[in-house]
Amino acid sequence: MNETTQLSLLRERFYRREHRSVPAAREFVRAAAVDWGFGARLDDVVLCVSELATNALVHGVPPGRGYLVRLRLENAGWGLSVEVHDSGDGEPAVREPAGESGRGLLLVDALADRWGVRERSPGKVVWCAFSKPRSGDAQCIRASSVEVCQ
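Residues numbered from 1 in each chain as written. Predicted model: local features only at pLDDT ≥ 70, side-chain atom pairs only at ≥ 80, totals over all residues. Heavy atoms only, no water.

If you trace the backbone, arginine 11 turns up in strand β1 (residues 10-16). Among the polar contacts made by the side chain of arginine 11, one reaches the side chain of aspartate 35 at a distance of 3.0 Å. Setting aside its immediate chain neighbours within four residues, arginine 11 contacts Phe28, Ala31, Ala32, Asp35, Trp36, Val69, Arg70 and Leu71. (Helix = DSSP H or I, 4+ residues; strand = E, 2+ residues; numbered from the N terminus. Polar contact = N/O pair within 3.5 Å; in protein donor to acceptor, adjacent residues only side chain to side chain. Contact = heavy atoms within 4.5 Å.)

Right, dumping it as structure tokens:
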């Protein structure tokens, strides 16, 4: 008997406002990214989710609430989008780091192919997107205005 494994194109998980939710979100995303064949971008995806989940936890989730991590496989399996939904106000933006904080969106900006913020009621969705390298494509790392390809 032939069986075809069907991968879900959407995965999501809700997390309560607690510090252990960030490592749990990383593991959730790691498992989905591996299932979907994003091994070459795995570290980038996981680090960005860690930063976005931390931002949601620290700045976007009022006491008694939580945040949602949603992953979507796109472009016939060649793209992965990550969304972090929270109920806080304000609009995240890349800023100059201040002391020990403020580097999260700088990292997301450097590692993700695209990222942005959109409104929801209540709160916002901070998202980032990644393309899977096609075989034979150069692996490129972008940091600010410098791009290094191997």
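For the coordinates displayed, the defined rule picks out one aromatic pair. It is lysine 132 that lies over the ring of phenylalanine 38; its NZ or CZ is 5.2 Å from the centre. For the cation-ring pair, lysine 132 lies above tryptophan 78, with the distance from its terminal atom to the ring centre recorded as 5.4 Å. (Phe/Tyr/Trp six-rings, centres within 6.5 Å; stacked < 30°, edge-to-face > 60°. Lys NZ or Arg CZ within 6 Å of the ring centre and 35° of its normal.)

With their axes 9 Å apart at the nearest point, helix α1 (residues 21-35) and helix α2 (residues 42-60) run at an angle of 150 degrees to one another. In terms of orientation, α1 lies roughly antiparallel with respect to α2. Both α1 and α2 take part in a crossing whose hand is right-handed. Facing Ser21, Val22, Ala25, Arg26, Val29, Arg30, Ala33 and Val34 of α1, the residues of α2 in contact are Leu42, Val45, Val46, Val49, Ser50, Ala53, Thr54 and Leu57. (Axes fitted to C-alpha atoms, helices over the stretch in contact; angles between N-to-C directions. Parallel < 35°, antiparallel > 145°, perpendicular 65-115°, else oblique. Left-handed = near helix turned anticlockwise from the far one by under 90°.)

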